[in-house]
Amino acid sequence: MANITALYAGLCGILVIALAFRVVQFRRSGKVGLGTGGDPDNEVRVRVHANAVEYIPLALILMLIAELGGLAAFWLHILGGVFVLARLVHAIGFTASGGGYHPGRFWGTALSWVVILVLAAIDIGLAVKNL
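Residues numbered from 1 in each chain as written. Predicted model: local features only at pLDDT ≥ 70, side-chain atom pairs only at ≥ 80, totals over all residues. Heavy atoms only, no water.

Caption draft 1: Layout of the packing of helix 3 (residues 73–97) against helix 4 (residues 103–129). Following both chains from N to C, one finds helix 3 and helix 4 inclined at 150°, their axes separated by 7 Å at the closest point. In this view, helix 3 runs roughly antiparallel relative to helix 4, as classed from their interaxial angle. When the axes of helix 3 and helix 4 are compared, the crossing they make is left-handed. The residues of helix 4 that touch helix 3, namely those facing Leu79, Val82, Phe83, Ala86, Arg87, Val89, His90, Gly93, Phe94 and Ser97, are Gly104, Arg105, Gly108, Thr109, Leu111, Ser112, Val115, Ile116, Val118, Leu119 and Ile122. (Axes fitted to C-alpha atoms, helices over the stretch in contact; angles between N-to-C directions. Helix = DSSP H or I, 4+ residues; strand = E, 2+ residues; numbered from the N terminus. Parallel < 35°, antiparallel > 145°, perpendicular 65-115°, else oblique. Left-handed = near helix turned anticlockwise from the far one by under 90°. Contact = heavy atoms within 4.5 Å.)

Caption draft 2: Focus on the packing of aromatic side chains. Inspection of the entire model under this criterion finds two aromatic pairs. A centroid spacing of 4.9 Å and a plane angle of 80° characterise the contact between Phe74 and Trp75, whose relative ring orientation is edge-to-face. One cation-aromatic arrangement involves Arg105 over Phe94; the distance from NZ or CZ to the ring centre is 3.8 Å. (Phe/Tyr/Trp six-rings, centres within 6.5 Å; stacked < 30°, edge-to-face > 60°. Lys NZ or Arg CZ within 6 Å of the ring centre and 35° of its normal.)

Caption draft 3: Main features of the side chain of Thr5. With respect to the helices, strands and loops of the structure, Thr5 is situated in helix 1 (residues 3–30). Among the polar contacts listed, one links the side chain of Thr5 to the side chain of Glu67, at a separation of 2.6 Å. Residues in contact with Thr5, not counting those within four places in the same chain, are Leu60, Met63, Leu64 and Glu67. (Polar contact = N/O pair within 3.5 Å; in protein donor to acceptor, adjacent residues only side chain to side chain.)

Caption draft 4: Local environment of the environment of Gly99. Within the secondary structure layout, Gly99 lies in the loop between helix 3 and helix 4. The sequence separation of Gly99 and Leu88 amounts to 11 residues, and the corresponding C-alpha distance is 15 Å. With residues near it in sequence (within four places) discarded, Gly99 still touches Val44, Phe94 and Arg105.

Caption draft 5: Geometry of the packing of helix 2 (residues 40–68) against helix 4. Contact geometry of helix 2 with helix 4 gives a least axis separation of 9 Å together with a crossing angle of 35°. The crossing of helix 2 and helix 4 is left-handed. Between helix 2, through Tyr55, Leu58, Ala59, Leu62, Met63, Ile65 and Ala66, and helix 4, the contact on the second element is made entirely by Trp113, Ile116, Leu119, Ala120, Ile122, Asp123 and Leu126. For the contact of helix 2 with helix 4, a count of residues per class yields 13 nonpolar, no polar and one charged. (Nonpolar A, V, L, I, M, F, W, Y, C, P; charged D, E, K, R; others polar.)

Caption draft 6: Structural context of a nonpolar patch on the surface. On the surface, Phe74, Trp75, Ile78, Val82, Tyr101, Phe106, Trp107 and Leu111 cluster together to form a nonpolar patch covering roughly 860 Å² of accessible area. When contributions to the nonpolar patch are tallied by element, the ones reaching two or more residues are helix 3 and helix 4. With respect to the secondary-structure elements, Trp75 resides in helix 3. (Patch = residues over 30% accessible without salt bridge, like charges linked within 9 Å, V, L, I, M, F, W, Y side chains within 5 Å. Areas by Shrake-Rupley, 256 points an atom, 1.4 Å probe, with all protein chains shown as cover. Salt bridge = Lys/Arg side-chain N within 4 Å of Asp/Glu carboxyl O.)

Caption draft 7: Local environment of the nonpolar core. Counting residues in hydrophobic clusters, the biggest one holds 25 residues, and the most contacted among them are Ile56, Phe83 and Leu119. Secondary-structure elements contributing two or more residues to this core are helix 1, helix 2, helix 3 and helix 4. Per-element tally for this core: the top contributor is helix 2, with nine residues. Sequence-distant contacts of Ile56, defined by excluding residues within four places in its chain, comprise Cys12, Leu15, Val16, Phe83 and Arg87. (Core = buried A, V, L, I, M, F, W, Y, C linked by side-chain atoms within 4.5 Å. Buried < 20%, exposed > 50% of the residue type's maximum accessible area, 1.4 Å probe, protein only.)

No statement about biological role is implied by the geometric values presented.
Below, the structure written as structure tokens:
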């Protein structure tokens, strides 16, 4: 079983639901069935949630492949921990910025990309090694 990936998948799942809850709150209170109701704050909430949903599955798939390929637990925890922290920092920064620049948004994105690229390189290395 891929216990380490399961841990980070669970943490990311909680984050996605927390971000989705923020979207549901404004939609219920504003009686908005679809979209943002033209409110820029709601647009930010929707994009913060969508951004997480766009990045998290790819990172978890790459992590699972690396774990099943034998990557050491130490590295899986480093990459998983950095990724979860990056997604949290991104969500906080994006929300605080109102959609503009914020160091949290920048660093959350940058660290997410680094983790995804490192995991992609590891997975490519595992695939080439096993050809």
